[in-house]
Amino acid sequence: MAPCPTMSTDLAENQLAIRRAILHLCGQLGWAALNELVLPDGRRADIMALRPDNGLVCIEIKSGPRDFLADGKWETYQEWSDQLFFAVDHGFPLALLPETAGIMVADTGLLPTGLEVIAESAILRDAPQNTLAPARRRKLTHLFAMQAAERLARLNDPAITAALRAARRVE
């Protein structure tokens, strides 16, 4: 196994690789996933996924042990989801993660440099079920739909589309 990255740029790149792999896994599971969902308490879930059964899954990405140990806000995410998972890379010390959450692992160490490849990922431990109250589920589902629609509307903005096309021509 490759060691966990130690430099901040490596950690940011590792976090992006984990995020991309987990978003791909969510798609394979039939889950609709949204990055950085702003929750009613003002916190941002790294990934919130809506399952076909209307269940809400919060996925907290941790780029390394220091990231996990320095962040205690993840405990509040259980109040806003039916399941909570940690998404880590293959070198993360899994013993640090609490039993109250599931574990998703992305094998980011096997990615060839410079290629656009998505890391393999899997659920190593399923998360315990936490059934949300109906009113909270409605509120979160509405919030999920509103934020997803707002982002889609911004992407469909002609000015943004023109800027993206121009950027592609420059590259």
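Residues numbered from 1 in each chain as written. Predicted model: local features only at pLDDT ≥ 70, side-chain atom pairs only at ≥ 80, totals over all residues. Heavy atoms only, no water.

Q: I'd like to hear about the nonpolar core, residue by residue, with values.
A: Grouped together as the largest cluster of nonpolar side chains are 23 residues, with contacts concentrated most on Leu39, Met48 and Leu97. Counting residues per element, the ones that place at least two in this core are β1 (32-38), β2 (44-50), β3 (56-61), β4 (83-89), β5 (102-106) and α3 (134-155). Other than its neighbours up to four places away in sequence, leucine 97 contacts Phe68, Phe86, Val88, Phe92, Ile103 and Arg125. One finds Ala21, Leu25, Ile47 and Ile61 within the second-largest nonpolar core, a separate group that totals 17 residues. (Core = buried A, V, L, I, M, F, W, Y, C linked by side-chain atoms within 4.5 Å. Buried < 20%, exposed > 50% of the residue type's maximum accessible area, 1.4 Å probe, protein only. Helix = DSSP H or I, 4+ residues; strand = E, 2+ residues; numbered from the N terminus. Contact = heavy atoms within 4.5 Å.)

Q: Any details on the pattern of salt bridges? Residues and values, ideally.
A: What the rule picks out here adds up to 8 salt bridges. The closest approach of N and O atoms between aspartate 71 and lysine 62, which form a salt bridge, is 2.5 Å. For aspartate 71, a relative accessible area of 10% puts it in the buried group. Two residues, glutamate 99 and arginine 125, come together in a salt bridge whose shortest N-O distance is 3.4 Å. Taken together, the residues span a long stretch of sequence, with glutamate 99 in the loop between β4 and β5 and arginine 125 in strand β6 (residues 121-125) at a distance of 26 residues. In this structure, a network of salt bridges that share partners links the residues Glu60, Lys62, Asp67, Asp71 and Lys73. (Salt bridge = Lys/Arg side-chain N within 4 Å of Asp/Glu carboxyl O.)

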